[in-house]
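Residues per chain, in single letters:
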Amino acid sequence: MPRFKAAWLLLFGCTVLEAYRSSMSLNWCAEQPVCDYRRPHVRIEQPGFRRRIRGRMTLADDGGDKPQPSPLQEVSSRACRDSSMDRRTLLLPALFFACSSSLLRPLEALAQPPRTVMWPPFAPTSGYSRDGPPWGRKFRAPTGTGTGEQGVRRAVSDLVSKDYKTAGALLRLAFHDAISRDTESGEGGANGSILWELGRQENYGLYGAVDVLEPIHSMGGLSWADTIAVAGSQAVTSSGGPYIQVQLGREDAKVPDPQNLTRPVGKCDEALVAGGGRDCRGVAEKTIPGAGLNSDGLRNFFGRFGFSDEEVVALMGGHTIGRFSSLLGVPKECLRNLGDRWLECLPLGERLPFTKDPDSFTNSYYKYLLLWYDRSITPGDAHFLPSDVVIVVDDAFRRHVQAFADDEKLFFRTFEKAYTRLVSIGA
Ligand code: HEM
């Protein structure tokens, strides 16, 4: 409240000062070049505008060299004369406008909480419609004709060659579309349901991937589920990874997949109770894995689909490409209001690559994990999530990390097997 009072006082002061200054020197009309048609060289800064005005200038019929005003200029000059006469009547509203916009806005901003940014930039998470993806009608059903799988591959390859960052987004899209299955109820899988789930917190940022895929899907004539599975595979190939054959024929879901598992997998560890809490990092509760899962959590989560330890480690190698949103560079105002709305701050932060070379599908992810484990990594060479380092801390997982770091071909072969299993979930 005191801030508002100060704002009004300042506004009043500004009005008085401005009124005094204006009554002494107000002559804005004469300063407008378009008013002064009597001068032979009309000076107008914008080139397009200058051409328009010059074209309209005509010489007087009596042979004089005084250019006549064009209709446009006549209107302008009349407006100038009128407004010169009426300037006192215009003074108050003009001053009020000038003062309120220049002074009040920053003051109001001080009095109000900082503005939040809408993220993700699309429809809110709640209230899914059963009539189609919630944010629009542009997502069409497959036509049955089109360029087919090879066309989709060519288009994705073209896309990735123009912007390598899309590869990570497309692979993550394929992972999130396929993995969101509740094995208990038998719902979900690689079924294109991600189109319904983009508003979920765990899928933030994936709207962009769907957006770039939309024209490719329309052109390809495959179902959304097939398009996403093929695009993920091609994203890997185009980044230098293996070629992964994708079986077609997935049907598109008409509803979102479940977000939570009917029954959480795993148990909280009572033995590790600290300060009255329980360690529940081994429990998977959602259909998309959380970054806080420990090695048991990863096994519990992926084990439901029959993935072996080796395949889990290979799949995690998806983080050899791409980036994640960090809080680095997020303005303080946003950080102060993190709370439940932390997602809104993320787009303002820096995107950090998982590894130093985030656009090439190689085994460098495993090499950096081992360096991290040995405490000999150079700061900045890799940025890992807690669930990344889990696979090098756990002895059984680390065996495979070492094997993939030593043999890139082995990593490629295992990733191929694991990806094929991934995009077959529920199909
Ligand atoms: C426990 C398992 C996993 C967790 C917790 C996890 C979590 C994440 C998170 C938090 C991001 C950053 C998203 C962002 O800020 O935009 C990310 C990015 C990514 N994830 Fe995962 N992920 C997991 C497994 C996987 C798997 C198995 C794959 C692929 C097979 C994968 C592929 C990717 C890719 C490619 C990106 C980069 C996206 C981009 O550059 O836009 N992730 N992941």
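Per an unreviewed UniProt entry, the recorded name for the protein chain is Plant heme peroxidase family profile domain-containing protein, and the organism is Hemiselmis andersenii. For the record of the protein chain, the UniProt heading Sequence similarities (unreviewed entry) holds the text "Belongs to the peroxidase family."

1. Quick word on the packing of aromatic side chains
The description of two aromatic rings rests on the distance between their centres and on the angle between their planes. With the rule as written, the count across this model stands at 17 aromatic pairs. When the centroid spacing of 6.2 Å and the interplanar angle of 25° are considered together, the rings of Phe415 and Tyr419 count as stacked. Separated by four residues within a single helix, Phe415 and Tyr419 lie in helix α15 (residues 408-422), roughly one turn from each other. Tyr419 carries the same exposure label as Phe415, and that label is buried. By way of ring pairs, the aromatic residues Phe361, Tyr365, Tyr366, Phe384, Phe404, Phe411, Phe412, Phe415 and Tyr419 are connected into one cluster. The side chain of Arg304 reaches across the aromatic face of Phe301, ending 4.8 Å from its centre.

2. Focus: the nonpolar core
Residues Leu213, Phe307, Tyr366, Ile391, Phe415 and Tyr419 are the most contacted members of the largest nonpolar core, which totals 71 residues. Not counting chain neighbours up to four residues away, the residues in contact with Tyr366 comprise Val313, Ala314, Met316, Gly317, Ile391, Val401, Phe404, Ala405 and Phe411.

3. Remarks on the coordination of the iron atom of the ligand
There is one protein donor for the iron atom of the ligand, and it is His319 (NE2), at 2.1 Å. By the element assignment, His319 lies in the loop between α10 (309-316) and β9 (323-325).

4. Considerations on the side chain of Asp182
For Asp182, the position within the fold is in strand β3 (residues 181-182). For Asp182, which is buried and forms no salt bridge, the nearest opposite charge comes from Arg304, at a distance of 5.1 Å. Within the structure, Asp182 has its side chain in polar contact with the side chain of Thr262 (distance 2.2 Å). Excluding anything up to four places from it in sequence, Asp182 contacts Glu187, Pro258, Asn260, Leu261, Thr262, Thr287 and Arg304.

5. So, the confidence of the model for the protein chain
For any part of a model where pLDDT is low, the fine detail of the predicted coordinates should not be relied upon. For the protein chain, the mean per-residue pLDDT works out to 77, and 64% of the residues sit at or above 70. Ignoring residues within four places in sequence, the model shows residues 24-86, a span with pLDDT below 50, making 42 contacts including any to other chains. Note on residues 109-132: pLDDT under 50 across the span, and 35 contacts to partners over four residues away in sequence or across chains.

6. Some details on the site of the ligand
Surrounding the ligand, one finds 23 residues, the nearest of these being Tyr204, His319, Arg323, Ser325 and Arg351. Between Arg351 and the ligand, the recorded distance is 2.6 Å, taken from a side-chain N or O atom to an oxygen atom. A molecule is said to occupy a pocket when more than half its atoms come within 2 Å of that pocket's grid points, and by this definition the ligand occupies the largest pocket. For the shell around the ligand, the elements supplying multiple residues, two or more each, are α6 (165-179), α10 and β9. Ranked by residues supplied to the shell around the ligand, first place goes to α6 with five residues. When its residues are assigned to classes, the shell around the ligand shows 13 nonpolar, seven polar and three charged.

7. Observations regarding the packing of helix α13 (residues 386-393) against helix α14 (residues 395-406)
Remark: α13 packs on α14, axes separated minimally by 5 Å, with the N-to-C direction vectors making an angle of 90°. Looking at the two axes, α13 sits roughly perpendicular to α14. Taken together, the residues of α14 that come into contact with α13 (itself represented by Val390, Ile391, Val392 and Val393) are Asp395, Phe397, Arg398 and Val401.

What counts, and at which threshold
Counting restarts for each chain, with residues numbered from 1 along the sequence as it is written. Thresholds applied to this predicted model are a pLDDT of at least 70 for local features of residues and 80 or more for the giving and counting of side-chain atom pairs; totals over whole chains, interfaces and linings are not thresholded and use all residues. Side-chain descriptors were evaluated using all non-hydrogen atoms of the structure, hydrogens and water having been removed beforehand. UniProt positions are given in the numbering used here, feature names are shortened, and annotations may be inferred rather than shown by experiment. Only Phe, Tyr and Trp rings are paired, with Trp represented by its six-membered ring, and only when their centres lie within 6.5 Å; those with planes under 30 degrees apart are stacked, over 60 edge-to-face, the remainder tilted. Counting from the N terminus, the helices are DSSP H or I runs at least four residues long and the strands are E runs at least two residues long. Accessibility here uses a 1.4 Å probe with only protein chains present; expressed as a share of the type maximum, an area under 20% marks a residue as buried, one over 50% as exposed, and anything in between as partly exposed. Working rule: Lys NZ or Arg CZ, within 6 Å of ring centre, within 35 degrees of ring normal, means a charge sits over the ring. Nonpolar core, defined: a set of buried Ala, Val, Leu, Ile, Met, Phe, Trp, Tyr and Cys residues in which side-chain atoms within 4.5 Å join the residues together. Residues are treated as being in contact if the distance between any of their heavy atoms lies within 4.5 Å. Water is absent from the atoms considered, so a metal site may look incomplete; donors are defined as N, O and S atoms within 2.8 Å of the metal, or 3.2 Å for Na, K and Ca. We treat Lys and Arg as the positive residues and Asp and Glu as the negative residues; His and chain ends play no part in the count. Every case where a carboxyl oxygen of Asp or Glu lies within 4 Å of a side-chain nitrogen of Lys or Arg is listed as a salt bridge. The term polar contact refers here to a pair of N or O atoms within 3.5 Å; inside protein, the definition further demands a hydrogen-donor-capable atom paired with an acceptor-capable atom, and it admits residues adjacent in sequence only when both atoms are side-chain atoms. Each residue carries a pLDDT value, the predictor's own confidence for that position, ranging from 0 to 100. We call a residue near a molecule or strand when any one of its heavy atoms sits within 4 Å of it. Only protein atoms enter the calculation, which uses a 1 Å grid: trapped sets of points that fit a 1.4 Å probe without letting it out are cavities, open sets showing protein on both sides within 12 Å along at least five of seven lines are pockets, and any residue with an atom within 4 Å of a point is a lining residue. Should more than half of a molecule's atoms lie within 2 Å of a pocket's or cavity's grid points, that molecule is taken to sit in it. Residue type decides the class: Asp, Glu, Lys and Arg count as charged, Ala, Val, Leu, Ile, Met, Phe, Trp, Tyr, Cys and Pro as nonpolar, and the leftover types, Gly among them, as polar. Axis geometry follows a simple rule: fit a line to the C-alpha atoms, using only the stretch in contact for helices, then measure angles between N-to-C directions, giving values from 0 to 180 degrees. Every angle not falling under 35 degrees, over 145, or within 65 to 115 is termed oblique; those three ranges are roughly parallel, roughly antiparallel and roughly perpendicular.

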